[in-house]
Amino acid sequence: MIKIVYAANDKMFDCIYLSVLSILRRTNQDISFYLLSASFVEIDRKYTIMSNEHVDILDKLAKSYGDNNSFTLIDCRKEYDKNLKGNKNEKSHYSPYTCLRLLIDCYPCFDDKVIYLDADTMAAGDVNEFNKIELGDNEFAVAHDCLGKVWQYKDCFNAGVMYINMKEARKNNLFPKARRYLFTKRMYFPDQSALNLAVTKFMFFPGNEYRFNQQKIKIMPDTVIKHFCARIKWWPFHNNVKQWDVKNVHRYLHIHAFDEDFAIYLKMKETEK
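Here's what I pulled together on the structure shown here.

Calculation criteria
- Residues numbered from 1 in each chain as written.
- Predicted model: local features only at pLDDT ≥ 70, side-chain atom pairs only at ≥ 80, totals over all residues.
- Heavy atoms only, no water.
- Pairing = 2+ DSSP bridges.
- Helix = DSSP H or I, 4+ residues; strand = E, 2+ residues; numbered from the N terminus.
- Contact = heavy atoms within 4.5 Å.
- Axes fitted to C-alpha atoms, helices over the stretch in contact; angles between N-to-C directions.
- Parallel < 35°, antiparallel > 145°, perpendicular 65-115°, else oblique.
- Left-handed = near helix turned anticlockwise from the far one by under 90°.
- Phe/Tyr/Trp six-rings, centres within 6.5 Å; stacked < 30°, edge-to-face > 60°.
- Buried < 20%, exposed > 50% of the residue type's maximum accessible area, 1.4 Å probe, protein only.
- Polar contact = N/O pair within 3.5 Å; in protein donor to acceptor, adjacent residues only side chain to side chain.
- Core = buried A, V, L, I, M, F, W, Y, C linked by side-chain atoms within 4.5 Å.
- Patch = residues over 30% accessible without salt bridge, like charges linked within 9 Å, V, L, I, M, F, W, Y side chains within 5 Å.
- Areas by Shrake-Rupley, 256 points an atom, 1.4 Å probe, with all protein chains shown as cover.
- Salt bridge = Lys/Arg side-chain N within 4 Å of Asp/Glu carboxyl O.

**Some points on the sheet that holds strand β7 (residues 157-165)**
Pairing is mixed across the open sheet formed by 7 strands, whose spatial order is β3-β2-β1-β4-β7-β6-β8. Each end of this open sheet is capped by a strand with a single partner; those strands are β3 (70-75) and β8 (203-204). Across 6 bridges, strand β1 (residues 2-7) lies against strand β2 (residues 31-37) in parallel orientation. Within β2, the position partnered with Ile-4 by the bridge is Phe-33. The sheet strands contacting helix α2 (residues 52-64) are β2 and β3, and the helix crosses β3 at an angle near 150°.

Given below as structure tokens:
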């Protein structure tokens, strides 16, 4: 069983739908999807937990590709209040949902290997390729952050796609250490910076590391995960085109690898209306 976990609010439903759909269409394995979510309306009115209606849609989507597949919502508010409430990064440039990944160790269901994915990702290949990676005693495997390795330091990694070895992560207290860093100072990328600081031992994805976290626009033949992350460009509308924005994915990114996924998604949106 492959376990995949996201962290997002209800506003990110469309991104999550497309990510889950793309994985299901390219992976012939049983998959358990999990969403770490919570309500933070006291910080921003838009920060609402994923609705039951949207969770049901995602669970039915998962099961339509295999009876053993599932999509499960985890309400993280209790653990957030216990472990992260009041940290110096609650009102950072990013939403508190980015830091929910730092609570993964609080849930026994994540007991072995876990694939963490940002909501703005889609699968261009079989995610079972992650299971071919030998993690050894590394806490996780990641790819370099394309911008961070230039602006920050050479081994700065991107936390948007992580293949996590939960046994080693728990043994080395990876996530509790990362959470503590959030209370020490404000950081521009709070979750990513905290993990970069807290990790004891990690590895970069073997071979072409970016095949598991393709942050640049072009999708290569061996790409497993395409990450629709923000990039620095002269044209402002090029900066942050997400996969649900199908028109601009075509117009500005010139990506057509997911057109069949987009057709299914757009049909679902018509039905949802």
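**A closer look at the packing of helix α1 (residues 13-26) against helix α9 (residues 259-272)**
One can describe the packing of α1 onto α9 by two numbers: an axis separation of 10 Å at closest approach and a directional angle of 135°. By the angle between their axes, α1 is oblique relative to α9. Crossing geometry of α1 relative to α9 is assigned as right-handed. For the pair formed by α1 and α9, the contact residues are Phe-13, Asp-14, Tyr-17, Leu-18, Leu-21, Ser-22, Arg-25 and Arg-26 on the first element and Glu-260, Asp-261, Phe-262, Ile-264, Tyr-265, Met-268, Lys-269 and Glu-272 on the second.

**With respect to the packing of aromatic side chains**
Per the stated rule, a full pass over the model turns up 18 aromatic pairs. Residues Tyr-17 and Tyr-265 carry aromatic rings whose centres are separated by 6.2 Å and whose planes lie at 45° to one another, so their mutual orientation is tilted. Note that Tyr-17 is positioned in helix α1 and Tyr-265 in helix α9, a separation of 248 residues in sequence. Summarising the burial analysis for this pair, Tyr-17 and Tyr-265 share the class buried. With a centroid separation of 5.0 Å and 75° between ring planes, the pair formed by Tyr-34 and Phe-110 is classed as edge-to-face. On the criterion of sequence distance, the pair formed by Tyr-34 in strand β2 and Phe-110 in the loop between α3 (77-83) and β4 (113-117) is long-range, its members being 76 residues apart. Judged by its relative accessible area of 11%, Tyr-34 is buried.

**Brief notes about the side chain of Asp-14**
Within the secondary structure, Asp-14 is located in helix α1. Residue class for Asp-14 comes out buried when judged on its relative accessible area of 16%. Within the structure, Asp-14 has its side chain in polar contact with the side chain of Lys-269 (distance 2.9 Å). Excluding residues that lie within four positions of it along the chain, Asp-14 makes contacts with Trp-244, Tyr-265 and Lys-269.

**Comments concerning the nonpolar core**
Counting 51 residues, the largest nonpolar core has Ile-4, Ile-16, Phe-33 and Phe-130 as the members making the most contacts within it. No other element matches the 9 residues that α1 contributes to this core. Leaving out residues up to four positions away in the same chain, Phe-33 has contacts with Ile-4, Tyr-6, Val-20, Ile-23, Leu-24, Ala-62, Ser-70, Phe-71 and Thr-72. With 38 residues, the next largest nonpolar core counts Val-5, Tyr-47, Tyr-97 and Phe-157 among its residues.

**Quick word on the side chain of Asn-69**
In this fold, Asn-69 is placed in the loop between α2 and β3. The exposure class of Asn-69 is buried, given its relative accessible area of 3%. A polar side-chain atom of Asn-69 sits 2.8 Å from the main-chain amide nitrogen of Ile-31. When neighbours within four sequence positions are excluded, Asn-69 is seen to be in contact with Leu-24, Gln-29, Asp-30, Ile-31, Ala-62 and Lys-63.

**With respect to a nonpolar patch on the surface**
A contiguous nonpolar surface patch, about 290 Å² in accessible area, is contributed by Tyr-94, Tyr-188 and Phe-189. Position of Tyr-94 among the secondary structure elements: in the loop between α3 and β4. For Tyr-94, a relative accessible area of 31% gives the class partly exposed.

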